[in-house]
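# Tertiary structure, described
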Amino acid sequence: MSRLGKLPVAIPAGVKVSVNGGEICVEGPKGKLTQKVSNNVSLKVEGSNIEVTRQNDSKDAKAAHGLYRNLINNMIIGVSSGFSKNLIVNGVGFRAEVQGKLLVMNLGYSSDFIAVIPEGLTVTADAQGKITISGIDKQQVGEFAAEIRSLRKPEPYKGKGIRYENEYIRRKVGKSGVK
């Protein structure tokens, strides 16, 4: 049995959960999220907990058991407190700024990169080169942060590029002048 799947998901105060057929809807102070659920698992709301149980012991049911438990847990955390990722823009002349629903970045190329901020996400950029992406959907926050990072990945010699705030860049020694 899945170690994660058998744990119940606690529903905090202020969060409403409703299960209709093959779909779960979680509504909280920050917003509303819905997720389709596989036929291999069943959901049961009891008091302030949600229990995820699998229908049988097939390989697909075992895989879906822990997955849907974690997806539901992430939905509850998202609508109650939200998720955020921080990116650091590092390099001479590199900068990022938010203009309405656009994130405009100068990353050392001849033209600026313009990224459209997806619906449901909020992005802030400060003068020190820190970009904060926040929202209620963990997958959407991580996806947009990865797209922004992929525009200019950090390089190992000078550390220039876009990196996550808690990411460590392994530095390499450059060429030496010895023949």
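Residues numbered from 1 in each chain as written. Predicted model: local features only at pLDDT ≥ 70, side-chain atom pairs only at ≥ 80, totals over all residues. Heavy atoms only, no water.

### Let's talk about the overall build of the chain
Within the chain one finds two helices and 13 strands. Scaling as 2.2 N^0.38, a compact globule of 179 residues should have a C-alpha radius of gyration of about 16 Å, whereas the chain reaches 21 Å, well beyond that. Principal-axis analysis of the C-alpha atoms places the extent of the chain at approximately 70 × 45 × 25 Å. Put simply, the chain has 179 residues, and 33% of those count as buried. Counting contacts in the chain only where the partners sit at least 6 residues apart, residues at least 24 apart contribute 49% of the total. Carbon together with sulfur atoms contributes 48% to the accessible area of the chain, which is approximately 11100 Å² in total. (Helix = DSSP H or I, 4+ residues; strand = E, 2+ residues; numbered from the N terminus. Rg over C-alpha atoms; globule rule 2.2 N^0.38 Å. Buried < 20%, exposed > 50% of the residue type's maximum accessible area, 1.4 Å probe, protein only. Contact = heavy atoms within 4.5 Å. Areas by Shrake-Rupley, 256 points an atom, 1.4 Å probe, with all protein chains shown as cover.)

### Points about the packing of aromatic side chains
By the definition in use, this model includes one aromatic pair. Note on Tyr109 and Phe113: the rings are 5.5 Å apart at their centroids and 80 degrees apart in plane angle, and the pair reads as edge-to-face. The ring centre of Tyr164 lies 5.3 Å from the NZ or CZ of Lys85, which sits over that ring. The side chain of Arg152 reaches across the aromatic face of Tyr109, ending 4.7 Å from its centre. (Phe/Tyr/Trp six-rings, centres within 6.5 Å; stacked < 30°, edge-to-face > 60°. Lys NZ or Arg CZ within 6 Å of the ring centre and 35° of its normal.)

### So, the pattern of salt bridges
Per the stated rule, a full pass over the model turns up five salt bridges. A salt bridge links Glu97 to Arg95; its shortest N-O distance comes to 3.7 Å. For Glu167, the salt bridge identified is with Arg149, shortest N-O distance 2.6 Å. Residue Glu167 is found in the segment after strand 13 (161-164), and its partner Arg149 is found in helix 2 (residues 138-150); the two are separated by 18 residues along the sequence. (Salt bridge = Lys/Arg side-chain N within 4 Å of Asp/Glu carboxyl O.)

### Let's talk about the sheet that holds strand 1 (residues 9-10)
The strand order across the open sheet built from three strands is 1-6-5, with neighbouring strands paired in antiparallel fashion. Strands with a single pairing partner mark the edges of an open sheet, and in this sheet they are strand 1 and strand 5 (41-46). Looking at chain direction, strand 1 and strand 6 (residues 49-54) are connected through two bridges and run antiparallel. Bridge assignment links Val9 to a residue of strand 6, and that residue is Ile50. Taken strand by strand, helix 1 (residues 59-80) contacts strand 1, strand 5 and strand 6, and its axis lies near 165 degrees from that of strand 6. (Pairing = 2+ DSSP bridges. Axes fitted to C-alpha atoms, helices over the stretch in contact; angles between N-to-C directions.)

### Side note on the sheet that holds strand 7 (residues 83-90)
What links the strands of a sheet is backbone hydrogen bonding, and the strands pair in either a parallel or an antiparallel sense. On the basis of which strands lie adjacent, the open sheet formed by four strands has the order 11-12-7-13 and antiparallel pairing. The sheet terminates laterally at strand 11 (121-125) and strand 13, the two strands that pair on one side only. Sheet twist, expressed as the mean angle between neighbouring strand axes with direction ignored, is 20 degrees. Both strand 7 and strand 13 contribute to a ladder of four bridges, which runs antiparallel. For Asn90, the partnering residue across the bridge sits in strand 13 and is Gly161. Packing of helix 2 onto the sheet brings it into contact with strand 7, strand 11, strand 12 (130-135) and strand 13, and relative to strand 7 it is tilted by some 10 degrees.

### Details of helix 1
Residues that lie three or four places apart on an α-helix share one face, since the helix turns once every 3.6 residues. End to end, helix 1 covers 33 Å across 22 residues, agreeing with the expected 32 Å (1.5 Å per residue, within 8%). Every buried residue of helix 1 is accounted for by Ala61, Ala64, His65, Gly66, Tyr68, Arg69, Ile72, Met75, Ile76, Gly78 and Val79. On its buried face, helix 1 sits against strand 1, strand 3 (23-27), strand 4 (32-36), strand 5, strand 6 and strand 7. After helix 1 finishes, the residue Gly82 shows a positive phi value of roughly 85 degrees. (Expected span 1.5 Å × (residues − 1).)

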